[in-house]
Amino acid sequence: PDQIIVIDNGSGDVGANSPNWPEIEVVQNEDNLGFGKAMNVGFKRCRGYYTLFLAADMILDSRCLETFLSFIETDRKDAGLLTGYIYDGMTQELIFAGQRVELTFNFKQIPVRLADVGETDLVPGAFLFARTDLLKQLGGFDERFFFYFEDLDLALRVKEKGLNNYIVSQAKAY
């Protein structure tokens, strides 16, 4: 990667406990700003063509970024947001493989398991890959959501632009 930005969202301990890596930019928020707003703080510093949002407790498979790049550059020009399969790091159990959402009075999330690649309504903010220019057009995460649903809102705004959100099973995080 060309740039790595780490957001300490008000914990107060990243700077004290992390090694000195000059290639990593650490942004320390004084307070917990909420997920979306904290991610936007880092996102506004992004210079790259692509952006990956990744939660601090996630570990990427060694070929994950290569898989995302191959997919978005050659397979799907209609791609908005991408995510991959998410596994429990301890048990190796598959815990996310796509999700359909019904926005009705009784909001429903319907887990789906896609064989290889498929459209998904939900792209978790904890494991989200996209073109930086698309994210900038959308204004990043809606900061009115403190925690939860900011990722669903972003995915819906991508769909409104006529793009599709995909889950790529070969891209894995633990």
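About the thresholds
- The residue numbers shown here count from 1 along each chain, following its written sequence.
- In view of the model being predicted, local features appear only for residues whose pLDDT reaches at least 70, and side-chain atom pairs are presented and counted only at 80 or more, with totals across whole chains, interfaces and linings using the full set of residues.
- Hydrogens and water are ignored here; the side-chain numbers use all heavy atoms of the structure.
- Here, nonpolar core means buried Ala, Val, Leu, Ile, Met, Phe, Trp, Tyr and Cys residues that are tied together by side-chain atoms lying within 4.5 Å of each other.
- Type-normalised accessible area, obtained with a 1.4 Å probe on protein chains alone, sets the label of each residue: buried when under 20%, exposed when over 50%, and partly exposed for intermediate values.
- A run of DSSP states H or I qualifies as a helix once it reaches four residues; a run of E qualifies as a strand once it reaches two. Both are numbered from the N-terminal end.
- Pairing of aromatic rings covers Phe, Tyr and the six-membered ring of Trp, with a centre-to-centre limit of 6.5 Å; geometry is then stacked below 30 degrees between planes, edge-to-face above 60, and tilted otherwise.
- The predictor attaches a confidence to each residue, called pLDDT, with possible values from 0 through 100.

Glancing now at the nonpolar core. Residues F68, F71, I72, A79, L82, F127 and F129 are the most contacted members of the largest nonpolar core, which totals 23 residues. Those elements giving two or more residues to this core turn out to be α3 (64-75), β4 (79-87), β9 (127-131) and β10 (164-173).

Here we come to the packing of aromatic side chains. Evaluation of the coordinates by the stated rule reveals 10 aromatic pairs. Ring plane angle 50 degrees and centroid distance 5.6 Å describe the contact between F68 and F127, whose orientation is recorded as tilted. Pair noted here: F68 is in helix α3 and F127 is in strand β9, with a separation of 59 residues, a long-range link. Here F68 and F127 have matching classes, each one buried. Ring geometry for F68 and F129: centres 5.0 Å apart, planes at 15 degrees, overall stacked. Taken together, the positions of F68 in helix α3 and F129 in strand β9 put the pair 61 residues apart, joining distant regions of the chain. Pair check on accessibility: F68 and F129 agree, each one buried.

Per-residue pLDDT for the protein averages 84, and the proportion of residues at 70 or more is 84%. Looking over the protein, one finds the lowest element-wise mean pLDDT in helix α1 (residues 14-17), namely 54, and the highest in β9, namely 95.

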